[in-house]
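An overview of the molecular structure
Each chain is listed here by its residues.
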Amino acid sequence: MNRIVIIGGGPAGYEAALVAAQLDADVTIVEEDGAGGACVLHDCVPSKTFIASSDVVTGYRDTEEFGVHSDGLEAITVDATLVHGRVRRLAAAQSSDIHAKLIKAGVAMISGSARLGEDSLGHHHKVRITPTDGDAEYSVDAGTVLIATGATPRILSDAQPDGERILTWRQIYDLRELPEHLVVIGSGVTGAEFASAYLAMGVKVTLVSSRDRVMPHEDADAAMAIERVFRTRGMQIMNNSRANAVRRQGDAVVVELADGRTVTGSHALMCVGSVPNTADLGLVEYGVAVSPGGYVTTDRVSRTNVPGIYAAGDCTGVLALASVAAMQGRIAMWHALGEAVAPLRLKTVAANVFTDPELATVGVSQQDVASGKVPAREVMLPLTGNARAKMAGISDGFIKLFCRPASGLVVGGVVVSPRASELIMPIAMAVENHLTVDQLAHTITIYPSLSGSVAEAARQLMQHESD
Ligand SMILES: Cc1cc2nc3c(=O)[nH]c(=O)nc-3n(C[C@H](O)[C@H](O)[C@H](O)COP(=O)(O)OP(=O)(O)OC[C@H]3O[C@@H](n4cnc5c(N)ncnc54)[C@H](O)[C@@H]3O)c2cc1C
């Protein structure tokens, strides 16, 4: 039997293990933290649970406009200890659900850290395991190894997190009170999400962005729409401001910018990216190709250059999303176990930024279209004209749709709205299944609904015989 050893139990590792177990393979996960990995215990699940609390506060915004008297947002108090307790409980429960599911599927779970041992003749691999409980290190044989070790927050040498006032996103849930003035360093997806959530909770937020706008890798119209909302709600956004250092000064933090200016706050949240957990895996000694940034190099079926060694998830640097990590892991197992498998396709991956409002994207980007890389027609439909949006008081947001010039095939879209993560689905379905704008436009949508605007955008892209 092909023994499979998976290093890391995050979405890449555990979803791979479930596929391997389903195919009757002998499969073991070695995980040094807990089932579900960093995704469930420290990153994605905790942050989305935290944002769920901020959404509750958002529900109390502008109630007078709806004819509902309340004491206003100022009267709302957020109990950080309770919020953080809920975050931790939910993450732990999710981790134990995944653990139980893996055990039920027949996956062996080892608590410990692993690295590659020696590659013997015929590529029978040995994995060295150091158990968490302090027992002596030992080796296990494997026909197939999946490296799924994820990533950890990047630390700047002059901004060392202390867990008290200079924090990574993994440390914020230890705070007993919400910060008075949070300086978020980094305006990528993670920085924008936390800045949005804290702002909603009534915290004074300064967002330090090294680029000329927040979320520089996202659709420019969408990012600018969200930046406008942030500013209107009182967030201070410092564009073109690179942070060089963050230092403690008594009960304050001082952020030093590259141009000599400083920003003072009560806490700093470092959101300056992640580094892959690949340094201690013995990859170079084993001959596994690694990029200069430390990411494991893989092909589209998750193979590394060494036969029998696969890699998936954030440690590969392909696309840092749980959904992609899981698919890379599954593909690795289908390939390793001789199943028919289609290579990873990133063109149809839907992604969402959980700010308020949310920003969801799928398929080709505005940049692809503007640069001429992808010939496409496009429409951008503000939600202000949508009846449901008017009723719900939604004044910011839009649906953008891209289609092929002649055939009208839907090739991408962008949604900015509350719950854009749900609203992107019909566009993702269209892109994935090669639907045309005519087909999308002919779908009868609920009235009144935000999804009605998806069909309307498609209608605007329909061409008449005479066009
Ligand atoms: C704040 C934040 C919010 C996010 N929100 C979302 C979101 O909303 N949606 C989304 O799709 N994605 C989100 N992501 C991204 C998502 O969390 C990652 O893409 C996902 O965790 C990648 O899964 P993975 O299996 O590669 O790695 P991980 O989840 O990082 O798991 C890897 C595991 O490997 C273990 N490990 C490492 N080295 C070893 C070793 N030598 N031996 C044994 N075990 C080891 C680690 O302990 C870890 O548990 C978010 C990320 C962050 C930082």
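Residues numbered from 1 in each chain as written. Predicted model: local features only at pLDDT ≥ 70, side-chain atom pairs only at ≥ 80, totals over all residues. Heavy atoms only, no water.

What follows covers the overall build of the protein chain. Within the protein chain, the secondary structure is distributed over 14 helices and 22 strands. By the compact-globule yardstick of 23 Å for 467 residues, the protein chain fits well, its C-alpha radius of gyration being 24 Å. With respect to the principal axes defined by its C-alpha atoms, the protein chain has extents near 70 × 70 × 45 Å. When contacts within the protein chain are restricted to residue pairs at least 6 apart in sequence, those whose partners lie at least 24 apart make up 61%. Carbon and sulfur atoms make up 52% of the accessible area of the protein chain, which totals about 21,700 Å². Here the protein chain contributes 38 positive and 52 negative side-chain charges, whose respective centroids are spaced 3 Å apart. (Helix = DSSP H or I, 4+ residues; strand = E, 2+ residues; numbered from the N terminus. Rg over C-alpha atoms; globule rule 2.2 N^0.38 Å. Contact = heavy atoms within 4.5 Å. Areas by Shrake-Rupley, 256 points an atom, 1.4 Å probe, with all protein chains shown as cover. Lys, Arg positive; Asp, Glu negative; His and termini not counted. Charge placed at Lys NZ, Arg CZ, Asp CG, Glu CD.)

Before going further, it helps to examine helix H3 (residues 44-58). Between its first and last C-alpha atoms H3 spans 21 Å; for 15 residues at 1.5 Å apiece the expected length is 21 Å, and the two agree. Those residues of H3 lying buried are Val45, Pro46, Ser47, Thr49, Phe50, Ile51, Ser53, Ser54, Val57 and Thr58. (Expected span 1.5 Å × (residues − 1). Buried < 20%, exposed > 50% of the residue type's maximum accessible area, 1.4 Å probe, protein only.)

The ligand sits among 34 residues. The nearest are Glu31, Cys39, Ala114, Asp314 and Ala322. Here proline 11 contributes a backbone N or O atom positioned 3.2 Å from an oxygen atom of the ligand. Contact with the protein chains removes 90% of the 1,000 Å² of surface that the ligand exposes when unbound. Sorting the residues of the shell around the ligand by element identifies helix H1 (11-22), strand E2 (26-31), helix H2 (37-41), H3, strand E3 (108-120) and helix H8 (322-336) as the ones contributing at least two each. Taken together, the residues that form the shell around the ligand break down as 17 nonpolar, 11 polar and six charged. (Near = heavy atom within 4 Å. Polar contact = N/O pair within 3.5 Å; in protein donor to acceptor, adjacent residues only side chain to side chain. Nonpolar A, V, L, I, M, F, W, Y, C, P; charged D, E, K, R; others polar.)

With that settled, consider the packing of H3 against helix H4 (residues 80-105). Viewed as axis vectors pointing N to C, H3 and H4 meet at an angle of 140 degrees, and their least axial separation amounts to 9 Å. Taken as axis vectors, H3 and H4 run oblique relative to one another. The handedness of the crossing between H3 and H4 is right-handed. Residue-level contacts link Val45, Pro46, Thr49, Phe50, Ala52 and Ser53 of H3 to Val83, His84, Arg86, Val87, Leu90 and Ala91 of H4. Of the residues assigned to the contact of H3 with H4, the class counts are eight nonpolar, three polar and one charged. (Axes fitted to C-alpha atoms, helices over the stretch in contact; angles between N-to-C directions. Parallel < 35°, antiparallel > 145°, perpendicular 65-115°, else oblique. Left-handed = near helix turned anticlockwise from the far one by under 90°.)

Further remarks concern a nonpolar patch on the surface. The grouping of Val318, Leu319 and Leu346 at the surface amounts to a nonpolar patch, some 200 Å² of accessible area in total. Tracing the backbone through its elements, the reader meets leucine 346 in the loop between H8 and strand E18 (351-353). (Patch = residues over 30% accessible without salt bridge, like charges linked within 9 Å, V, L, I, M, F, W, Y side chains within 5 Å. Salt bridge = Lys/Arg side-chain N within 4 Å of Asp/Glu carboxyl O.)

Let us now look at the domain arrangement of the protein chain. When the domains of the protein chain are assigned, the result is domain 1 (3-152 + 275-346), domain 2 (166-272) and domain 3 (357-464). For domain 1 and domain 3, the distance between their C-alpha centres works out to 32 Å. With four residues of domain 1 in contact, the opposing surface of domain 3 contributes five residues. Inspection of the domain 1/domain 3 interface yields two salt bridges. Two residues, arginine 345 and glutamate 432, come together in a salt bridge whose shortest N-O distance is 3.3 Å. (Domains from an automatic or database assignment.)

Applying the stated rule across the entire model yields three aromatic pairs. Measuring from centroid to centroid gives 4.9 Å for phenylalanine 50 and tyrosine 198, while their planes differ by 50 degrees, and the two rings are tilted. In this pair, phenylalanine 50 sits in helix H3 while tyrosine 198 sits in helix H5 (residues 189-200), placing the two residues 148 residues apart along the sequence. As far as the burial class goes, phenylalanine 50 and tyrosine 198 line up, both buried. Following the ring pairs from residue to residue traces out a cluster consisting of Phe50, Tyr173, Phe194 and Tyr198. (Phe/Tyr/Trp six-rings, centres within 6.5 Å; stacked < 30°, edge-to-face > 60°.)

Side chains Val263 and Gly265 of strand E14 (residues 262-265) all project onto a buried face; the interleaved residues Thr262 and Thr264 project onto a face where none is buried. In this structure, the hairpin formed by strand E13 (residues 252-257) and E14 is closed by a connection of four residues, where glycine 260 is found at a positive phi of approximately 95 degrees. (Pairing = 2+ DSSP bridges.)

Summed over all chains, the structure comprises one cavity of 30 Å³ or more. Taken as a whole, the largest cavity spans an internal volume of roughly 40 Å³. Lining the largest cavity are Arg61, Ser196, Leu199, Ala200, Phe230, Arg233 and Asp356. Of all the elements, H5 adds the most residues to the lining of the largest cavity, at three residues. Partitioned by chemical class, the residues of the lining of the largest cavity number three nonpolar, one polar and three charged. (1 Å grid on protein atoms, 1.4 Å probe; cavity = no way out; pocket = protein on both sides within 12 Å on 5 of 7 lines; lining within 4 Å. Points joined across faces, edges and corners; volume = space filled by probe spheres on them.)

Attention now goes to the packing of H1 against H4. Running from N to C, H1 and H4 point in directions that differ by 20 degrees, and their axes come no closer than 9 Å. In terms of their interaxial angle, H1 and H4 are classed as roughly parallel. As H1 runs across H4, the sense of the crossing is left-handed. Along the contact surface, H1 presents Tyr14, Ala17, Leu18 and Ala21, while H4 presents Ile98, Lys101, Leu102 and Ala105.

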